[in-house]
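Spelled out from the first residue to the last, the chains are:
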Amino acid sequence: HQALISLGSNYRQFDPRGKEAYLDQIALVQERWKIFMTRFQLMGELNPDFLEESQRYLMQVGMTIEQFNSLIQDVHQRMREDAQKEALR
């Protein structure tokens, strides 16, 4: 995942297809993490300290986990739309 995140530092230089491909890869990582977190939560193996710290951080910025996830989805959708518009120019 780290290599993908590092690659994102050059996102502005990507051509429109590269931007969409990058966003596709990020979406796959997000889905894997969602599955991972859900499995560990169902098994009771998710570290309660991690959950508490995450929730405390989000509360400090005035968000719930649902709002955070929705924001990420919205931003990625806007980025995808921008890449598609760029491809039409």
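First things first, this report covers the structure right here in the doc. Predicted model, so just to flag it, every value in this text is computed and none were measured. Along each chain, numbering runs from 1 in the same order as the chain's sequence is written. Under the rules for a predicted model, residues below a pLDDT of 70 receive no local features and side-chain atom pairs below 80 are neither given nor counted, while totals for whole chains, interfaces and linings still include all residues. Based on all heavy atoms of the structure, the side-chain values leave hydrogens and waters out of the count.

1. Details of the environment of Leu7
Here is the rule: Counting from the N terminus, the helices are the DSSP runs of H or I reaching at least four residues and the strands are the DSSP runs of E reaching at least two. For this analysis, residues touch if any pair of their heavy atoms sits within 4.5 Å.
Mapped onto the elements of the fold, Leu7 is located in helix α1 (residues 2-7). Along the backbone, Leu7 and Tyr22 are 15 residues apart, and their C-alpha atoms lie at a distance of 8.6 Å. Beyond its immediate stretch of four places on either side in the chain, Leu7 contacts Phe14 and Tyr22.

2. Things to note about the packing of helix α2 (residues 16-43) against helix α4 (residues 65-88)
What counts, and what does not: Axes, fitted as lines to C-alpha atoms, cover a helix only where it is in contact. Angles between the N-to-C directions of the axes lie from 0 to 180 degrees. Put simply, angles under 35 degrees are roughly parallel, angles over 145 are roughly antiparallel, angles from 65 to 115 are roughly perpendicular, and the rest are oblique. Crossings are classed by handedness, with left-handed meaning an anticlockwise turn of the near helix from the far one by less than a right angle and right-handed meaning a clockwise turn. All amino acids are sorted into three groups, where Ala, Val, Leu, Ile, Met, Phe, Trp, Tyr, Cys and Pro are nonpolar, Asp, Glu, Lys and Arg are charged, and the leftover types, Gly among them, are polar.
Between α2 and α4, the least distance of the axes is 8 Å, while the angle of their chain directions is 160°. Judged by the inter-axis angle, α2 sits roughly antiparallel to α4. In this structure, α2 crosses over α4, and the sense of that crossing is left-handed. For the pair formed by α2 and α4, the contact residues are Pro16, Lys19, Glu20, Leu23, Asp24, Ile26 and Gln30 on the first element and Ile72, Gln73, His76, Met79, Arg80, Ala83, Gln84, Glu86 and Ala87 on the second. Of the residues belonging to the contact of α2 with α4, the class tally is seven nonpolar, four polar and five charged.

3. Focus on the nonpolar core
Nonpolar side chains in soluble globular proteins tend to be buried together. Condition: Note on terminology: a nonpolar core comprises buried Ala, Val, Leu, Ile, Met, Phe, Trp, Tyr and Cys residues joined through side-chain atoms within 4.5 Å. Residue exposure (1.4 Å probe, protein chains only): buried if accessible area is under 20% of the type maximum, exposed if over 50%, otherwise partly exposed.
Among the nonpolar cores identified, the biggest contains seven residues, and these are Leu4, Tyr11, Phe14, Tyr22, Leu23, Ile26 and Val29. The element contributing the most residues to this core is α2, with four residues. Residues within four places of Tyr11 in sequence aside, it is in contact with Lys19, Tyr22, Leu23 and Met79.

4. Here's the deal with the packing of aromatic side chains
To keep it simple, the criterion reads: Stacked, tilted and edge-to-face pairs are distinguished by plane angle, under 30 degrees for stacked and over 60 for edge-to-face with tilted covering the rest, among Phe, Tyr and Trp rings (Trp via its six-membered ring) whose centres lie within 6.5 Å.
Here the structure, examined in full by the defined rule, presents five aromatic pairs. Note on Tyr11 and Phe14: the rings are 5.7 Å apart at their centroids and 65° apart in plane angle, and the pair reads as edge-to-face. On the accessibility criterion, Tyr11 (14% relative accessible area) is buried. An aromatic cluster is present here, built from Tyr11, Phe14 and Tyr22 joined pairwise through their rings.

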